[in-house]
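# Tertiary structure, described
One letter stands for each residue in the lines below.
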Amino acid sequence: GAGVSQSPSNKVTEKGKDVELRCDPISGHTALYWYRQSLGQGLEFLIYFQGNSAPDKSGLPSDRFSAERTGGSVSTLTIQRTQQEDSAVYLCASRPPGGPQHFGDGTRLSIL
Amino acid sequence: AQTVTQSQPEMSVQEAETVTLSCTYDTSESNYYLFWYKQPPSRQMILVIRQEAYKQQNATENRFSVNFQKAAKSFSLKISDSQLGDTAMYFCAFMKEEGNTPLVFGKGTRLSVIA
């Protein structure tokens, strides 16, 4: 497709389980970002990747959160030992050189 | 660190009327970008308009325009001839010009367009 694709659209899991969220950016976009949007809040930056450079992990809230970007394309955000406060919408965005960020539809994560 | 403040949690406007959403920001950067994003219930963040800080001319996209006051660090969004499809959350966002730094978002304004 032409846009940023995220999967799954919705994920419900039990507290303590690990989850993986996937982001497929727009082809040719060199930068990729993950944000978290808690209920009624704005977007909180988590991590971003730029080409082959080391990712900026400064927004990750704890060491239970990690992300990878394989081959400069698809990215996976992993949350280990999920907690109820991890419930949120996780949004991915990609950006071409010099252009604005384009967002996916997000993954709504619910921790029971 | 940069901060973005949207002081209006909720607003409403009659269809076909004009509404202005407020945004202020704080930064020590001289070169940066400002954005307004729209988020309908579908969750997707849609870029409405962007402004380069070095440009004095206010950006315009059809019914959407901004009032950018760099000295006052103010970046308001005006929606003219409001339509029911404009109902959404609106987020103001800041990005440094240098590198591919992430967006810094305000907490959003929920806009309801009333028929």
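What you see is a predicted model, and the numbers here were worked out from it, not measured in a lab.

Rules used in this analysis
- Each chain has its residues counted from 1, running along the sequence as written.
- Think of it this way: whatever chain is written first is A, whatever ligand is written first is 1, and the rest follow in order.
- Per-residue local features are limited, in this predicted model, to residues with pLDDT of at least 70; the limit for side-chain atom pairs, both in listing and counting, is 80 or more; totals at the level of whole chains, interfaces and linings are taken over all residues.
- Excluding hydrogens and water, the side-chain values take into account all heavy atoms of the structure.
- Counting from the N terminus, the helices are DSSP H or I runs at least four residues long and the strands are E runs at least two residues long.
- The size measure is the radius of gyration over C-alpha atoms, and the globule rule it meets is 2.2 Å times the number of residues to the 0.38 power.
- Each residue is assigned to one of three classes by its accessible area relative to the maximum for its type, calculated with a 1.4 Å probe on protein chains only: buried under 20%, partly exposed between the two thresholds, exposed over 50%.
- Residue contacts are counted whenever heavy atoms from the two residues lie within 4.5 Å of one another.
- Each accessible area value is a Shrake-Rupley result obtained with a 1.4 Å probe; residue values ignore everything except the protein chains displayed when judging cover.
- The charged-residue count follows a simple rule in which Lys and Arg add positive charge and Asp and Glu add negative charge, with His and chain termini not counted at all.
- Where a charge lies is defined by one atom per residue type: Lys uses NZ, Arg uses CZ, Asp uses CG and Glu uses CD.
- Take the accessible area each of two parts loses on contact, using a 1.4 Å probe, and add the two losses: that sum is the buried area.
- In the sections that follow, a salt bridge refers to a side-chain nitrogen of Lys or Arg positioned within 4 Å of a carboxyl oxygen of Asp or Glu.
- Under the rule applied, a polar contact is a pair of N or O atoms within 3.5 Å (in protein, one hydrogen donor and one hydrogen acceptor; residues adjacent in sequence only if both atoms are side-chain atoms).
- Residues are grouped as follows: Ala, Val, Leu, Ile, Met, Phe, Trp, Tyr, Cys and Pro are nonpolar; Asp, Glu, Lys and Arg are charged; every other residue, Gly included, is polar.
- A pair of sulfur atoms, both from cysteines and within 2.5 Å, is called a disulfide here.
- Nine residue types can take part in a nonpolar core, namely buried Ala, Val, Leu, Ile, Met, Phe, Trp, Tyr and Cys, and a core is a set of them joined through side-chain atoms within 4.5 Å.

From N to C terminus, chain B includes zero helices and twelve strands. Counted from the first residue to the last, chain B has its helices and strands arranged as β-β-β-β-β-β-β-β-β-β-β-β. Against the compact-globule benchmark of 13 Å for 115 residues, chain B has a radius of gyration of 14 Å, which places it among compact chains. When its C-alpha atoms are laid out on the principal axes, chain B stretches across 40 × 30 × 20 Å. Here chain B holds 115 residues, and 48% of them are scored as buried. Considering only contacts within chain B whose residues lie at least 6 apart along the sequence, 56% involve residues at least 24 apart. A total accessible area of about 5700 Å² is found for chain B, and carbon and sulfur atoms account for 44% of it. Between the averaged position of the 11 positive side-chain charges in chain B and that of its 11 negative side-chain charges there is a distance of 4 Å.

The subject of this paragraph is the interface of chain A and chain B. Tallying the contact residues gives 26 residues for chain A and 19 residues for chain B. The largest per-residue losses of area from chain A upon contact with chain B belong to Arg95, Phe103 and Asp105 of chain A, which jointly make up 27% of the total buried on that side. Linking chain A with chain B are zero salt bridges. Between the two partners, chain A and chain B, sit six residue pairs in polar contact (both at pLDDT 80 or more). At the level of elements, β4 (31–37), β5 (43–50), β8 (88–95) and β10 (107–111) of chain A are the ones that each hand at least two residues to the side of chain A that touches chain B. Looking at the side of chain A that touches chain B, its residues break down into ten nonpolar, 13 polar and three charged.

Counted according to the given criterion, the structure contains two disulfides over all chains. At a sulfur-sulfur separation of 1.9 Å, the disulfide partner of Cys23 of chain A is Cys92 of chain A. Its S-S torsion of about -65° marks the bond between Cys23 of chain A and Cys92 of chain A as left-handed, since a negative value means left-handed. Here Cys92 of chain A lies in strand β8 and Cys23 of chain A lies in strand β3 (residues 19–24), a separation of 69 residues in the sequence. Judged by its relative accessible area of 0%, Cys23 of chain A is buried. Note on cysteine connectivity: Cys23 of chain B is disulfide-linked to Cys92 of chain B, with sulfurs 2.0 Å apart. The S-S bond linking Cys23 of chain B to Cys92 of chain B shows a torsion near -70°; that makes this disulfide left-handed. Note that Cys23 of chain B is positioned in the loop between β3 (19–21) and β4 (24–26) and Cys92 of chain B in strand β10 (residues 88–96), a separation of 69 residues in sequence. Judged by relative accessible area, which is 1%, Cys23 of chain B ranks as buried.

A few words now on the nonpolar core. Residues and elements named next belong to chain B. In terms of nonpolar packing, the biggest core is built from 25 residues, with Tyr25, Trp36, Phe75, Leu77 and Tyr90 touching the most fellow members. For this core, the secondary structure elements donating two or more residues are β3, β5 (32–39), β6 (46–52), β8 (64–69), β9 (74–79), β10 and β12 (109–114). By residue number, the principal contributor to this core is β10, which donates four residues.

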